[in-house]
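The residues making up each chain are set out below.
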Number of protein chains: 2
Amino acid sequence: MFQDFKLAHDRPVAIQAKEYLKRLIIKGALQSGQKLPSTREMSSLLGISRNTVIAAYEGLQDDGFAYAIPGKGSYVAAAIAGQTDANDGWNDGIASCRIDWKAKFNEYTVSASTLDTMKRGIHAPKDAISFTSIAPDEHLFDLGDVKRAFLDRMAIEGQVLLNYGYAKGYKPLIDYLMQYMENKGADTRGKDMLITSGFTEGFDLVLSALRPTTRQGRAICENPTHHTAIKNLKLHGFELTGVPMKPDGMDMERLEEILRTESFDLAYLVPSYHNPTGIVMSPAKRSAAMSLLARYQVPVIEDGFNEELRYSGAHIAPLIATAGQGNGVIYIGSFSKVLFPGLRVGWVFGDHELISALESMKRARTIHTSTIDQSILYQYLLNGNFDKYVRKARMEYKRKFEVTKKCCEVHIPNAQLTGDGGLHVFLAFPTGADTRRLLEACSEKGVIFTPGDRFFVREGEGTNTLRLGFSRVTDENIERGIRIIGEQARSLFHS
Amino acid sequence: MFQDFKLAHDRPVAIQAKEYLKRLIIKGALQSGQKLPSTREMSSLLGISRNTVIAAYEGLQDDGFAYAIPGKGSYVAAAIAGQTDANDGWNDGIASCRIDWKAKFNEYTVSASTLDTMKRGIHAPKDAISFTSIAPDEHLFDLGDVKRAFLDRMAIEGQVLLNYGYAKGYKPLIDYLMQYMENKGADTRGKDMLITSGFTEGFDLVLSALRPTTRQGRAICENPTHHTAIKNLKLHGFELTGVPMKPDGMDMERLEEILRTESFDLAYLVPSYHNPTGIVMSPAKRSAAMSLLARYQVPVIEDGFNEELRYSGAHIAPLIATAGQGNGVIYIGSFSKVLFPGLRVGWVFGDHELISALESMKRARTIHTSTIDQSILYQYLLNGNFDKYVRKARMEYKRKFEVTKKCCEVHIPNAQLTGDGGLHVFLAFPTGADTRRLLEACSEKGVIFTPGDRFFVREGEGTNTLRLGFSRVTDENIERGIRIIGEQARSLFHS
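Visitor: I'm lost on the overall build of chain A in this one. Help?
Guide: Of the regular secondary structure elements, chain A holds 18 helices and 16 strands. Projected onto its principal axes, the C-alpha positions of chain A cover 90 × 60 × 50 Å. Counting all 495 residues of chain A, 53% fall into the buried class.

Visitor: Is there a simple way to think about helix α7 (residues 143-157) of chain A in this case?
Guide: An α-helix turns once per 3.6 residues; consequently, residues spaced three or four apart project the same way. Between its first and last C-alpha, α7(A) extends 21 Å over 15 residues, near the 21 Å set by a 1.5 Å rise per residue. Buried within α7(A) we find V146(A), A149(A), F150(A), R153(A) and M154(A). All buried residues of α7(A) project into a common sector of 125 degrees when viewed along the axis, lining one side. Facing away from the buried surface of α7(A) by more than 90 degrees, the exposed residues are G144(A) and A155(A). Structurally, α7(A) contributes buried residues whose contacts are with α15 (371-382) and α16 (385-411) of chain A together with α7 (143-157) of chain B.

Visitor: What exactly am I supposed to notice about the relation of the copies chain A and chain B here?
Guide: Each of the two chain copies can be generated from the other by rotation about an axis followed by a shift along it. Here chain A sits on chain B after a turn of 180 degrees about the axis and a move of 0.0 Å along it, with an RMSD of 0.1 Å. As the rotation angle and translation indicate, the two copies are arranged about a two-fold axis.

Visitor: Would you take a moment to explain the interface of chain A and chain B for this structure?
Guide: Size of an interface: often given as the accessible area lost when the parts come together. Contact residues are listed per partner, giving 125 residues for chain A and 124 residues for chain B. Of all the elements, helix α14 (residues 352-366) of chain A adds the most residues to the side of chain A that touches chain B, at nine residues. By residue class, the composition of the side of chain A that touches chain B is 55 nonpolar, 40 polar and 30 charged.

Visitor: Mind showing me how you'd approach the domain arrangement of chain A here?
Guide: All names here are of chain A. When the domains of chain A are assigned, the result is domain 1 (13-86), domain 2 (111-139 + 388-493) and domain 3 (142-384). Between the C-alpha centres of domain 2 and domain 3 there is a distance of 25 Å. The interface is formed by 29 residues belonging to domain 2 together with 28 residues belonging to domain 3. Put simply, the parts of the chain that give the side of domain 2 that touches domain 3 at least two residues each are α6 (107-114), α16 and β13 (424-428). With seven residues, α16 is the largest single contributor of residues to the side of domain 2 that touches domain 3. Tallied by class, the residues present in the side of domain 2 that touches domain 3 amount to 15 nonpolar, eight polar and six charged.

Visitor: Hey, could you run me through the environment of K398(A) in this one?
Guide: Residue placement: K398(A) occurs in helix α16. Along the chain, K398(A) and G421(A) lie 23 residues apart, while their C-alpha atoms are 6.4 Å from each other.

Visitor: What should I look at first to understand the sheet that holds strand β8 (residues 266-269) of chain B in this one?
Guide: Pairing between the strands of a sheet comes from backbone hydrogen bonds, and it takes one of two forms, parallel or antiparallel. All names here are of chain B. The strand order β4-β11-β10-β9-β8-β5-β6-β7 describes an open sheet built from eight strands, whose pairing is mixed. Each having just a single partner strand, β4 (191-196) and β7 (249-250) make up the two edges of the open sheet. With respect to the sheet, helix α8 (residues 171-183) is in contact with β4 and β11 (346-351), its orientation differing from that of β4 by roughly 125 degrees. Relative to strand β6 (residues 238-246), helix α10 (residues 227-235) is tilted by about 155 degrees, and along the sheet it contacts β5 (217-223), β6, β8 and β9 (300-303).

Visitor: Help me understand the nonpolar core, please; the structure alone is not making it clear to me.
Guide: Most often, soluble globular proteins have nonpolar side chains that are buried together. A267(A), V348(A), A267(B) and V348(B) are the most contacted members of the largest nonpolar core, which totals 261 residues. Not counting residues within four places of it along the chain, the set of residues in contact with V348(B) comprises M193(B), L194(B), T196(B), G202(B), L205(B), V206(B), I330(B), I332(B), I355(B) and L358(B).

Visitor: Looking at this structure, how should I read the packing of helix α9 (residues 198-210) of chain B against helix α14 (residues 352-366) of chain B?
Guide: The axes of two packed helices give the description: the angle between them and the distance between them. Residue and element names in this part refer to chain B. Where α9 meets α14, the closest approach of the two axes is 10 Å, and the angle between their N-to-C directions is 110 degrees. As far as their axial angle goes, α14 and α9 are roughly perpendicular. Between α9, through L205, V206, S208 and A209, and α14, the contact on the second element is made entirely by A357, L358, M361 and K362. Here the contact of α9 with α14 is composed, by residue class, of six nonpolar, one polar and one charged.

Visitor: Explain the pairing of strand β10 (residues 329-334) of chain B to me, please; I cannot follow it from the model alone.
Guide: Consecutive side chains of a regular strand alternate in pointing toward one face of the sheet and then the other. All names here are of chain B. Counting buried residues along β10, six of its six residues qualify, which places the element largely inside the surrounding structure. Of the two faces of β10, both are covered, the one formed by V329, Y331 and G333 as well as the one formed by I330, I332 and S334. In this sheet, β10 lies alongside β9 in parallel orientation, the contact comprising four bridges. Following the sheet pairing, I301 is matched in β10 by I330. Strand direction decides the pairing type here: β10 and β11, joined by four bridges, are antiparallel. Bridge assignment links G333 to a residue of β11, and that residue is W347.

Visitor: Is there a simple way to think about the packing of α15(A) against helix α15 (residues 371-382) of chain B in this case?
Guide: The interhelical angle for the contact between α15(A) and α15(B), taken along N-to-C directions, is 115 degrees, at an axis separation of 8 Å. Crossing hand, α15(A) versus α15(B): right-handed. Of the residues in α15(B), those in contact with I372(A), D373(A) and I376(A) of α15(A) are I372(B), D373(B) and I376(B). Class assignment of the residues belonging to the contact of α15(A) with α15(B) gives a composition of four nonpolar, no polar and two charged.

Visitor: Any chance you could explain unusual backbone geometry here in plain terms?
Guide: Residues and elements named next belong to chain A. For the bond from N275 to P276, the omega torsion is 15 degrees, close enough to zero to count as cis. Non-glycine residue I367 carries a positive phi angle of around 65 degrees. Along the chain, the position of I367 falls in the loop between α14 and α15. A residue is classified by how many C-beta atoms lie within 10 Å of it, and I367, with 21 of them, is buried.

Visitor: What should I look at first to understand the sheet that holds strand β8 (residues 266-269) of chain A in this one?
Guide: Residues and elements named next belong to chain A. One open sheet holds the eight strands; their spatial order is β4-β11-β10-β9-β8-β5-β6-β7, and the pairing between them is mixed. Each of the sheet's edge strands pairs with one partner strand only, and the pair in question is β4 (191-196) and β7 (249-250). Alignment of strand β5 (residues 217-223) against β8, held across three bridges, turns out to be parallel. What sits directly across from A219, in β8, is L266. Its contacts with the sheet put helix α10 (residues 227-235) on β5, β6 (238-246), β8 and β9 (300-303), and the angle it makes with β6 is roughly 155 degrees.

Visitor: Which parts of the structure should I look at to understand the environment of Y67(A)?
Guide: Residue and element names in this part refer to chain A. Along the chain, Y67 turns up in strand β1 (residues 66-69). Through-space distance from the C-alpha of Y67 to that of A219 is 64 Å; in sequence the pair is 152 residues apart. Residues within four places of Y67 in sequence aside, it is in contact with Q61, Y75 and A77.

Visitor: I would appreciate a short explanation of the pairing of β1(A) in the present structure.
Guide: Residues and elements named next belong to chain A. Of the pairings in the sheet, the one linking β1 to strand β2 (residues 73-76) comprises four bridges and is antiparallel in character. Bridged to Y67 within β2 is Y75. Between the antiparallel neighbours β1 and β2 lie three residues, among them G71 with a positive phi of about 85 degrees.

Visitor: Help me understand helix α6 (residues 107-114) of chain B in this model?
Guide: Regarding α6(B), the residues found buried are T109(B), A112(B) and S113(B). Looking straight down α6(B), one finds its buried side chains confined to an arc of 95 degrees; they lie on one side. Considering only its buried residues, α6(B) is in contact with α9 (198-210) and α14 of chain A together with α10 of chain B.

Visitor: How do you make sense of the environment of A219(A) when you look at a structure like this?
Guide: Residue and element names in this part refer to chain A. Tracing the backbone shows A219 in strand β5. Look at A219 and you get buried, because 25 C-beta atoms sit within 10 Å. Expressed as a C-alpha distance, the spacing of A219 and D187, which sit 32 residues apart in the sequence, is 26 Å.

Visitor: Mind showing me how you'd approach the confidence of the model for chain A here?
Guide: The predicted coordinates ought not to be read in detail in places where the model reports low pLDDT. Residue and element names in this part refer to chain A. A residue-level look at chain A finds 96% of positions with pLDDT of 70 or above and a mean pLDDT of 90. Predicted confidence in chain A is weakest over helix α4 (residues 90-95), with a mean pLDDT of 63, and strongest over β8, with 98. The low-confidence segment residues 81-90 (pLDDT under 50) makes 25 contacts with residues lying over four places distant or belonging to another chain.

Conventions we followed
Residues numbered from 1 in each chain as written. Chains lettered and ligands numbered in written order. Predicted model: local features only at pLDDT ≥ 70, side-chain atom pairs only at ≥ 80, totals over all residues. Helix = DSSP H or I, 4+ residues; strand = E, 2+ residues; numbered from the N terminus. Buried ≥ 20, exposed ≤ 12 C-beta atoms within 10 Å, placed from the backbone. Expected span 1.5 Å × (residues − 1). Arc of directions from axis to C-beta. Contact = placed C-beta atoms within 7 Å. Least-squares fit on C-alpha atoms with pLDDT ≥ 70 in both. Nonpolar A, V, L, I, M, F, W, Y, C, P; charged D, E, K, R; others polar. Domains from an automatic or database assignment. Pairing = 2+ DSSP bridges. Axes fitted to C-alpha atoms, helices over the stretch in contact; angles between N-to-C directions. Core = buried A, V, L, I, M, F, W, Y, C linked by C-beta atoms within 7 Å. Parallel < 35°, antiparallel > 145°, perpendicular 65-115°, else oblique. Left-handed = near helix turned anticlockwise from the far one by under 90°. pLDDT = per-residue confidence, 0-100.

Right under this line is the structure:
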C-alpha cells in the first residue's frame, strides 16, 4: 500500500496526502479501527515530511475519517453506511435502483434540449477560420483595470462583498445604471431596475412572468432575429410572427398590417446592431414603430444588446426613451458584448410593478447575481475604465468592420451585405442559394460561419443567408476566409 | 447655465463633465446645432482644467452627442427621436400608453410574489439582536486568500476568464468537484455535474425539469424543512407531504406508511444539519430511508446544504454515496453556507442524462455561471485555503453553538432544543405556545428570530416553534437575546 501516491505540483502537499488517505478509507483499503502507520513511518512511505503527515492526519480527524488515541496513534474512524465494504445487503437494492430520467422529463425539458443548437455546434476542423462567434475579442480586455477594480472594491467594502447580497442587485450598481439609463434619455419616474445574470436571465424572467398559461402566447419580432431569443420565446410557448427587415429596420407597412389583423402579448425588438443583420433602426422608424405598438397596446421588450458599440453617426435614443413616462417598454441591457461576457451582469429596466414581480422570481430562482461580478463592474465603470475601453473597442471593431465589408465586396460581390458595424455582418445570396451546403464546402477548406436560417422565425426561411462574426478573427484571416467563401460560393451557386 | 455642475470625488472628472453635458443635451437645455462654449470658456465655467474639457468634448463626440468643425469649435449633434424637445405629437400617444402589468402576470408570477416572504421580512427595530440569519459570519472570511485566489487565477488564465465560458461550468472546477464527490464516497460512473449559480438555481432547474405538466406533482420531504425549498416546490406546483422528524432524522415508520399508500414524483431531503431543526440524520436512517425510497422508485433530491460544517463525530456519507451505481439520487451542493454566499456557485451531481438536459435548460436561462466566481472558488480550493478556513469556521461555530445551547437550557428550559451544530438551533415550546406572538413581544425588546411555522408544509403547523441562527450574533448578544426570549416566553406562555 501507499505506493501509488503521486504528488501534483500545484496543491498543498498535506491536503493531497489527506485526500489520498481518505480515498483509501472510502475504498475500504484502510479498514475501520485500523491503526494508521506512525507519522514517522508514513513520512517515509509517502516520501513527504513528517510535519506534513501530522497535518494530513489532523485533517483526517477534522473530517471525521480518523481519531487519535493519545500516546498510541491515529486510527481509522468507524465505517459508515453506504461504503462498499460496509454493505450488508440492502444497499444492493438502492444501487440497482434505476430511474428512467428521460421518461420523467416534461415538454419544456425536452424542448430545451431539442432547441439547444449550441450542443450540436458547427463542427469545425482544427485551426479553422471561424466566423461563428460574436463574442468580443478578449485581447482588447484591459486586465489590469479589471484587477484594480476588484482590489479597489475589496478595499472599500471588504468581507461584506462575499456575504449574501440582495435579489434586486448591488445597490451602487443599480444607482449607477439608473443614471446611465437617464443619460440615454429614459424617463426613470415610475420605473425600477433588477440586476440579472446577463441579458439572458432578464429575458427568461420576463417571458416566464408574461407567458399566458391558459392559451398559447403570441409574440411579434423582427425577422430574422437573435436565435437565442427565438429559442427562448419558443421554449416559453410563444408563437412567433416575424416582420421582414428593410435596410433601416422593420418593414413598417407590414408591421401595421400585422398589428391591425392579429393581437400580440409582446413584441421583441433589437433596435441597434440588430442580430443577425447588423441593422440600426433609424430614429424615424423607432418613433413610428413605438407609436404603432402603443396604439395596439403591445408591450415591448427592447434588447439593448451592443448598443454601446455604435461607432458611427449621431447617438440614437433607445426605444424606451421614446416612451417617456409610458410604461410599455421593458429595456434589457448588458455589457456582455462590449465588455466581458464572463462577468454575468445584465439589467431589466421598466415599470416598477413589473420589476417588483421579477425580483421575487429572481429570488426564487437564483437568490441574487454574483456580488463579485456586480461590484467589479461597478468599480470598473466608476473608475472611468468603461469609457476608455469602449473608445478602444469601437476603433478596433470599426476597423475590422471596414476590412470585412471590403473583402465581402471584393470576394462575394453577388451577396447583399447588411450591417452598420457591431461585431458581425449579414450576407444574403440570391434566392435558391443554400448556405448550409456552402458551409459544408467551406468547412472542408477550413472556414466556418453561421448559416442564416437559424435566425428566421419559420423553418425554410433565410436558407440563402449567413452571418459573419469578425470580432475574434485576425485581419489576415478575415481576408483569407472571405476569399474562400467567395470561391466556394461561385463554384456552388454558378454565379 | 453650467452653474449646477457638482463634482463627486471618486470618479474621473472628464467623465463627470461629459455626462453632465449629455444630460443638458437630453433635457434640451443645449439644443441641436448649438455651438458649445470654447474649451477655454468651459474650463472656467465648470472650474476644471482645459485638458479635462477637451477630453469631455471628445467623449461627447465618441458617443454621438457632439461634432467638431475644425477651426470653429464643437457643436451639439442633431436632435434625435424621442427627446422631449423633438416631440412632434405622436410621442404623446406612446407616453400615455399604460400597460396594466399586474393583469398580465400568470399564476407563477403571482405566486412568486405571494410566497416571497423575504420581501415582507421580519421588521426589526434598529440595533436589534437578530437571530434570523443563517448566513456565515463574514468576519471569518479570509479576504487575503480570496484576493490571492483571484490574482493567481488571473495570472494563469488571463483574459480568457472574462470571455464566454461553458453552460456546464468551468472545467477545472468540475474536475475538482467530481473528485470531491468521489472523496465523499459517491460513485461517479454514469454520473455528471452541472455548475449552477448556487444551490437555489440547481434546485429550481431540477424542479423545472421534473414537474409533471399534465397533473399535479407530488413531493415528499422532511417536516419541517427548508422554507425556500417549500416555496420553490409550491411554485412549481408540487403538493407536499411531510414526514415528521425524530431526533435522528425522519420518522421511518411514518415514511414507510406514506410510501405504501401514496406515490411521489420526488423526495427532497436535507440529511446534514437539516434546516431548520439542525438534526443530522443517522447513518442507519440514511441507509434505511434510501432503501425504502429505492423500493418505491422515488427519485431523491439531496440538499448538501452545510454538510461541510460538521464539527463533531465521524464523517457520514451523503445519501448519494449510499446509492452506489444507482442513478436515483440528485445531489445539489454549495459552499454558500460554509464559504462565501456572495460567490454564487453550486453544483448538481447525478445521472448523466439528467445533467445533460439540465445543461440545456441552464444555457437557455443564464448561459453560464460567472466565470470569475467559479475560477476564484477553484483556485481557493486548489490553494488549500478551504481546508484551512473550514477548520477555523468549524471551531468558531462549534463554540457559538455551545454558547447558544447552554443559554437556551438556562433561559428557555421549557422549550425542546434540536440541533447538532451548523449555524442554528431549533426550539419547540409546549403545544399551544404561539411564537409569532412571542416574536412581537421580543421585537419590542429588541430581539428577533424566525418563527418556525414557515418551515412546515401545512399552514398552522409548528406555531410553537422557532429557529435561532447564531452565526452572526456575538456571544454577548447571544446571551442577552436568549435571556430576553426566555423572559418574554415565561410571561406570555405562563410557564
